Amino acid sequence: MLKAVILIGGPQKGTRFRPLSLDIPKPLFPIAGLPLIQHHIAACTKLGECKEILIIGSYTTTQMTQFVNDMQKLYRVIIRYLQEFTPLGTGGGLYHFRDQIRAGNPSAFFLLNGDVCADFPLREMYEFHEEKPNAIVTIMGTEATRQQSVHYGCMVRNGSNAVTHYVEKPNSYVSTLINCGVYVCSLNVFQVMAEAFQKKQDGFYSGNGQGTPHPGYMSWEQDVLAPLAGTNKLYSMQVSSWWSQVKTAGSAIYANRHCLTLHCTRDDVCQIIPDVYIHPSATVDSTAVIGPNVSIGTGVTIKAGVRIKESIILENATVNEHSLIMYSVVGREASVGEWSRVEGTPSDPDPNKPFAKMDNRPLFNTDGRLNPSITILGAGVVVPAETILLNSIVLPHKHLARSFKHEIIL
Amino acid sequence: MCGTDKKLEEIRALILVGGYGTRLRPLTLSRPKPLVEFANKPILMHQIEALVEAGVTQVILAVSYRAEEMEKELTEQVSKLGVSLTFSHETEPLGTAGPLALARELLSTSSEPFFVLNSDVICEFPFKELARYHKNHGKEGTIVVTKVEEPSKYGVVVYDDNGQIESFIEKPQEFISNKINAGMYLLNPSVLSRIELRPMSIEKEVFPFMAKDGELHAMELQGFWMDVGQPKDFLTGMCLYLTSLRQKNSNELYDGTGIVGNVIVDPTAKIGKGCRIGPNVTIGPDVVVEDGACIKRSTILRGACVRQHAWLDGCIVGWRSVVGRWVRMENCTVLGEDVIVKDELYVNGGQVLPHKSIALSVPEPQIIM
């Protein structure tokens with residue numbers, strides 16, 4: 001029997017995903033028509049042995065209950081949401097709920113970060129992990145560019161794929177093999193965590209509570225993985241399939257494109273340039289031209305002569321006649337007027353560099369100006385007819401009265 | 001007053017066509033400015049037709065550049081109007097007065113006054129009234145003046161209650177007058193004695209001296225006036241012209257489904273379904289506007305194509321250019337001849353030179369070589 005744990009963090013995290021995360025918890029933001037972590041759940045349930053999925057985060061249960069119930073019905077597997085009431089870090093939360101994970105004595109469990117999007121090779125990872133007699137943790141690794149690798153956990157391996165050195169976000173170059181935030185863990189990982197926890201406790205009380213936020217606070221990467229490196233208990237399986245973090249709103253469009261290629265649904269409601277996902281409940285005029293890389297959510301209305309590419313249209317939004325939407329996210333219940341243009345700038349990785357990842361750039365550049373990025377309309381935003389909205393972010397429920405360029409509209 | 005019209009038949013007119021028309025580039029890279037169609041008719045033809053209407057029988061064009069092209073095209077059009085067209089070629093640019101000296105022989109064959117026009121001016125040409133007014137005051141010359149909102153940008157004309165001009169003041173800082181020279185004159189042949197055959201400015205080197213001698217009068221223009229020598233003013237002038245057309249000859253305006261406000265459409269143009277055209281749009285011969293396009297305050301020149309769902313505001317689309325599907329163009333964008341704007345682009349204030357194909361958006365005003 002196997003289990004899976006998905007770490008989704010909480011509302012105080014994921015601020016770079018605003019304003020999309022103002023309406024909906026980031027882990028539930030639809031990528032290729034499905035909530036981000038539904039892709040994780042779908043991957044876990046493909047392994048028949050995976051009997052329970054635990055989602056750990058600090059979102060309130062009311063924000064998560066509906067989703068959890070829907071998923072249980074859909075995938076017929078036990079799914080539970082475990083709420084952390086105090087932010088305990090990536091390791092602290094996991095350790096806190098160790099009894100829930102150990103219950104039923106699974107042979108191993110998958111640990112998945114909620115903010116990644118990938119073609120999860122869980123079966124291969126589990127087999128890889130089982131082959132290594134001493135393995136406690138196996139990390140899914142991927143190649144990054146030399147320059148970008150320092151933004152991730154960097155790993156050095158020996159000939160038998162054991163991790164000999166692990167550094168989280170180093171200041172200087174260490175290795176181009178990076179941690180994807182996807183793991184297979186044996187249950188004795190909790191003994192390693194107990195030691196790390198004890199060390200933390202000692203440090204906390206000898207320091208009079210100064211410095212550390214909470215005695216239970218623990219970083220999975222720094223307090224668990226880094227010490228395990230060089231002990232022949234930590235392994236990494238390198239994959240070359242597609243993988244990306246979903247940190248900024250811009251990365252949602254990039255992730256959407258790749259997920260669409262993995263799980264594409266084709267519709268012949270209008271002219272489609274693949275890949276496109278259109279929810280069956282959406283109304284799309286036959287003269288619209290949609291794609292590539294477009295997801296259209298439930299209850300969306302697309303009128304005559306509309307052009308949409310490289311965008312995500314969330315539920316119940318309305319896109320009126322002759323308008324154009326590209327490199328944008330249109331929020332729930334938002335409306336785009338006729339002959340309007342909603343345009344963003346793609347923030348994809350450099351296609352000319354092999355192994356390049358998303359550059360999750362800050363909102364503003366060094367001149368204090370908005371970095372060109374995708375255009376985002378928050379929920380209920382109204383864009384009037386014949387206007388242009390270029391590289392802008394509109395917070396929810398704003399009714400615009402004119403065109404905007406390179407602005408955040410509160 | 002009887003018989004005034006008869007005497008007008010003797011009157012000649014000189015139109016200062018002049019230079020390269022650089023201000024109306026990129027259109028003038030393909031076609032001399034006087035031949036650029038304003039409201040579906042070459043700018044110059046608006047003036048010639050008005051002159052013919054006022055009884056003018058001989059039009060002299062003072063040209064210094066691309067004369068052959070103009071001669072070829074205009075001779076044919078003008079012959080239908082029953083007026084003779086003479087070209088006076090400048091070998092070097094002679095300014096605004098020099099061309100009169102060059103055409104001295106033609107202009108001094110009779111003692112009747114002659115009209116002089118700057119070629120960029122569009123208005124409700126008041127040539128009959130001008131002839132009458134000139135005859136009444138009996139002095140050497142009459143300048144047509146027009147009212148402007150911001151006189152400090154121009155040279156203003158100061159005159160008394162009888163219309164006799166006292167002085168010209170360049171760019172006045174304090175308000176003195178809101179009347180400026182409208183670029184249309186009626187002059188007696190005697191004025192030619194004040195002009196030499198050299199580059200010379202009529203505004204600076206002739207009129208001030210005539211005013212000093214009490215020989216120059218001003219006549220106030222009624223209705224709109226615009227110097228259409230640059231794209232922004234070309235479009236503003238078109239709006240004023242169409243408004244005036246609504247009042248005077250509203251049957252020349254086009255009407256139909258999806259037409260908003262004052263619009264003229266050549267009968268050979270094709271307009272698709274679900275379009276919204278207007279207000280203030282001119283659509284030239286053989287133009288194709290495909291389904292679902294929206295065009296406002298723009299001129300689409302002969303043979304151009306505006307493809308599906310495009311949105312245009314404040315644009316001049318040059319001859320045989322193609323504006324792609326879902327393109328948005330605005331803010332005084334001017335496409336030269338045979339330009340292609342690819343689908344889904346945004347062009348903001350772009351000035352695009354002829355025969356160019358654009359594959360990238362132009363988000364800020366820019367010249368595309």
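Residues numbered from 1 in each chain as written. Chains lettered and ligands numbered in written order. Predicted model: local features only at pLDDT ≥ 70, side-chain atom pairs only at ≥ 80, totals over all residues. Heavy atoms only, no water.

One key point about sheets: their strands pair by backbone hydrogen bonds, in either a parallel or an antiparallel sense. Residue and element names in this part refer to chain B. Across the sheet, which stays open at both edges, the 7 strands sit in the order S14-S17-S20-S23-S26-S29-S31 with parallel pairing between neighbours. Every other strand in the sheet has two partners, leaving strand S14 (263–265) and strand S31 (366–368) as the edge strands with one partner each. When the angles between neighbouring strand axes are averaged without regard to direction, this sheet yields 5 degrees. Relative to strand S20 (residues 298–300), strand S17 (residues 281–283) is paired through 3 bridges, and the arrangement is parallel. Its bridge partner being in S20, Thr282 is matched across the sheet by Thr299. On the sheet, helix H9 (residues 231–248) packs against S14, S17, S20, strand S23 (315–317), strand S26 (333–335) and strand S29 (350–352) and is oriented at approximately 95 degrees with respect to S20. (Pairing = 2+ DSSP bridges. Helix = DSSP H or I, 4+ residues; strand = E, 2+ residues; numbered from the N terminus. Axes fitted to C-alpha atoms, helices over the stretch in contact; angles between N-to-C directions. Contact = heavy atoms within 4.5 Å.)

Right, let's talk about the interface of chain B and chain A for a bit. At the junction of the two partners, chain B supplies 20 residues and chain A supplies 20 residues. Both sides together, the interface formed by chain B and chain A hides about 1500 Å², and carbon and sulfur atoms give 45% of it. Summed over the three residues of chain B that lose the most area to chain A, namely Trp326, Arg328 and Glu344 of chain B, the buried surface amounts to 43% of that side. Between chain B and chain A we count 5 salt bridges in total. Where the side of chain B that touches chain A is concerned, the elements lending two or more residues are strand S19 (294–296), strand S25 (328–330) and strand S28 (346–348) of chain B. Split by residue class, the side of chain B that touches chain A holds 9 nonpolar, 5 polar and 6 charged. (Buried area = accessible area lost by both parts, 1.4 Å probe. Salt bridge = Lys/Arg side-chain N within 4 Å of Asp/Glu carboxyl O. Nonpolar A, V, L, I, M, F, W, Y, C, P; charged D, E, K, R; others polar.)

Taken residue by residue, helix H9 (residues 220–228) of chain A has Trp220, Glu221, Asp223, Val224, Leu225 and Leu228 of chain A as its buried positions. Backbone geometry just downstream of H9 of chain A places Gly230 of chain A in the positive-phi region, at approximately 80 degrees. (Buried < 20%, exposed > 50% of the residue type's maximum accessible area, 1.4 Å probe, protein only.)

As a further point, take the side chain of Glu90 of chain B. Of note, Glu90 of chain B is situated in the loop between strand S5 (84–89) and helix H4 (98–102). At 2.9 Å, the side chain of Glu90 of chain B and the backbone nitrogen of Leu94 of chain B are in polar contact. (Polar contact = N/O pair within 3.5 Å; in protein donor to acceptor, adjacent residues only side chain to side chain.)

With that out of the way, let us pick up unusual backbone geometry. Residue and element names in this part refer to chain B. Between Arg25 and Pro26 the backbone carries a cis peptide bond, its omega angle lying at 10 degrees. Note that Pro26 resides in the loop between strand S1 (12–18) and strand S2 (37–38). The omega torsion of the bond from Gly278 to Pro279 falls at 0 degrees, within 30 degrees of zero and hence cis. Considering the arrangement of structural elements, one finds Pro279 in the loop between strand S16 (276–277) and S17. Of note, the phi angle at Ala39 is positive, near 50 degrees, even though the residue is not glycine. Take Ala39: it is sitting in the loop between S2 and strand S3 (41–42). A positive phi angle, near 60 degrees, is found at Asn280, a position not held by glycine. Inspection of the secondary structure puts Asn280 in the loop between S16 and S17.

The residues that UniProt annotates with the feature "domain: Mannose-1-phosphate guanyltransferase C-terminal" (unreviewed entry) are residues 259–368 of chain B. Span residues 259–368 of chain B is 0% helix and 43% strand, its end C-alpha atoms 32 Å apart. (UniProt positions renumbered as here; feature names shortened; annotations may be inferred.)

We now examine the packing of helix H2 (residues 36–45) of chain A against helix H3 (residues 61–75) of chain A. All names here are of chain A. H3 packs onto H2 with a crossing angle of 30 degrees between their chain directions and a minimal axis gap of 12 Å. By the criterion of interaxial angle, the relationship of H2 to H3 is roughly parallel. Judged by the sense of rotation from one axis to the other, the crossing of H2 with H3 is right-handed. Of H3, the residues touching H2 (which contributes Ile37, Gln38, Ile41, Ala42 and Thr45) are Met64, Phe67, Met71, Leu74 and Tyr75. Split into classes, the residues belonging to the contact of H2 with H3 amount to 8 nonpolar, 2 polar and no charged. (Parallel < 35°, antiparallel > 145°, perpendicular 65-115°, else oblique. Left-handed = near helix turned anticlockwise from the far one by under 90°.)

A few words on the sheet that holds strand S27 (residues 340–341) of chain B. Residues and elements named next belong to chain B. Strand order across the open sheet formed by 6 strands is S15-S18-S21-S24-S27-S30, with parallel pairing between neighbours. Lying at the two open borders of the sheet, with one neighbouring strand each, are strand S15 (270–271) and strand S30 (357–358). Inspection of the sheet shows S27 paired to S30 by 2 bridges, in the parallel sense. Looking across to S30, one finds that Val341 is bridged to Ile358.

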